[in-house]
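Coordinate analysis (summary)
Single-letter residue listing:
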Amino acid sequence: DLDRLARQGVSLLPTEAALAALGQFLMGSASQLGIFAVHWPAFAHQLPQPPAWLTELLDQAAPQPAAAAVPWLQQELAAAPPTERRDLLLHHLQTALAHTLALSTAQTIGPRQRFFDLGLDSLMAIELKERLERALGTSLRATLIFDYPMLDPLADFLLTHLNLDDSALVAGKGKTNGVGYEMTSDIEDLSEEEAEELLLQELKQTEY
């Protein structure tokens, strides 16, 4: 929990500093107050729409616009030979997922293991999605990790999304539906909730 809060920009206050701040505010007339140690840029980054006061605070603290982050992974994928792109992306996805889950090594994550079976929760899924957005320099839908909850389908989707997929590599694979599963024997491995979501997506696509 502390590691997650730190990634969100919130840290613990040292005891002496917290007591000193509390003593200072108790001398005032405020009826409600909060004392936090917050790194505001990191905190604001996770919010879909930061409030006006936070945006103003950040503008005052950093009047010069920050340089846009270089989408380094997208550059590496584009520069790599087409036959090596998928393995390169899979390696990064393993590393990003291991970092999100605070695992000691990424090598233990199999390409067909479900992220949520490994302990991923909804907040971590959003964190992983945002991590991929920064590395790839592209906007991804909020339900990305729920739609593609394994490395294999997630990698296939991202390569297609970036127009970096190689038709020779994906030839012969089953087509994936809107939630990222191959319409083959993989459906037998779905949980009841995943199967229900898959059926709803299929019905929506056929406008049934």
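Thresholds applied
- Residues numbered from 1 in each chain as written.
- Predicted model: local features only at pLDDT ≥ 70, side-chain atom pairs only at ≥ 80, totals over all residues.
- Heavy atoms only, no water.
- Helix = DSSP H or I, 4+ residues; strand = E, 2+ residues; numbered from the N terminus.
- Contact = heavy atoms within 4.5 Å.
- Areas by Shrake-Rupley, 256 points an atom, 1.4 Å probe, with all protein chains shown as cover.
- Salt bridge = Lys/Arg side-chain N within 4 Å of Asp/Glu carboxyl O.
- Buried < 20%, exposed > 50% of the residue type's maximum accessible area, 1.4 Å probe, protein only.
- Expected span 1.5 Å × (residues − 1).
- Patch = residues over 30% accessible without salt bridge, like charges linked within 9 Å, V, L, I, M, F, W, Y side chains within 5 Å.
- Core = buried A, V, L, I, M, F, W, Y, C linked by side-chain atoms within 4.5 Å.
- Phe/Tyr/Trp six-rings, centres within 6.5 Å; stacked < 30°, edge-to-face > 60°.

Thoughts on the overall build of the chain
Broken down by element type, the chain carries eleven helices and two strands. Mapped in sequence order, the helices and strands of the chain form the string α-β-α-β-α-α-α-α-α-α-α-α-α. When contacts within the chain are restricted to residue pairs at least 6 apart in sequence, those whose partners lie at least 24 apart make up 56%. Put simply, the chain shows about 13400 Å² of open surface, and 57% of that area lies on carbon and sulfur atoms.

With respect to the pattern of salt bridges
For the coordinates displayed, the defined rule picks out seven salt bridges. Notably, a salt bridge pairs Arg 86 with Asp 152, separated by 3.1 Å at the nearest N-O pair. With Arg 86 in helix α6 (residues 82-101) and Asp 152 in helix α9 (residues 151-161), this residue pair connects regions lying 66 residues apart in the sequence. Relative accessible area serves as the criterion here: at 18%, Arg 86 is assigned to the buried category.

So, unusual backbone geometry
Notably, Ala 102 is not glycine yet its phi reads approximately 60°, a positive angle. Position of Ala 102 among the secondary structure elements: in the loop between α6 and α7 (122-136). Residue Ala 102 is classed as exposed on the basis of its relative accessible area of 58%. Within the chain, Asn 163 stands out as a residue other than glycine whose phi angle is a positive 60°. Here Asn 163 is to be found in the loop between α9 and α10 (167-170). Note on Asn 163: relative accessible area 68%, which makes it exposed.

So, helix α2 (residues 15-26)
Taking 1.5 Å of rise per residue, twelve residues should cover 16 Å, and α2 covers 16 Å from first to last C-alpha, within 8% of that figure. Burial analysis of α2 places just one of its twelve residues in the buried class, a small minority of the element.

A short note on a nonpolar patch on the surface
A surface patch of nonpolar side chains, amounting to about 480 Å² of accessible area, comprises Leu 19, Leu 22, Phe 25, Leu 26 and Leu 33. Along the chain, Leu 26 falls in helix α2. Leu 26 sits in the exposed class, given a relative accessible area of 61%.

A short note on the nonpolar core
If you look at the biggest cluster of nonpolar residues, it comprises 30 residues, and the most contacted ones within it are Leu 154 and Leu 158. Broken down by secondary-structure element, the contributors of at least two residues to this core are α5 (72-79), α6, α7, α8 (144-147) and α9. Ranked by residues supplied to this core, first place goes to α6 with seven residues. Ignoring any residue separated from it by four or fewer positions in sequence, one finds Leu 158 in contact with Leu 89, Leu 93, Leu 132, Leu 136 and Leu 140.

Things to note about the packing of aromatic side chains
Enumeration according to the criterion identifies four aromatic pairs in this entry. Considering the side-chain rings of Trp 40 and Trp 53, the 5.6 Å spacing of their centres and the 85° angle between planes classify their relative orientation as edge-to-face. Here Trp 53 lies in helix α4 (residues 52-61) and Trp 40 lies in helix α3 (residues 40-45), a separation of 13 residues in the sequence. The class for Trp 40 is partly exposed, based on a relative accessible area of 28%. A ring pair is formed by Phe 116 and Phe 146, whose centres lie 5.3 Å apart and whose planes are at 25°; its orientation type is stacked. Residue Phe 116 is found in the loop between α6 and α7, and its partner Phe 146 is found in helix α8; the two are separated by 30 residues along the sequence. On the basis of relative accessible area, Phe 116 is assigned to the partly exposed category, the value being 30%.

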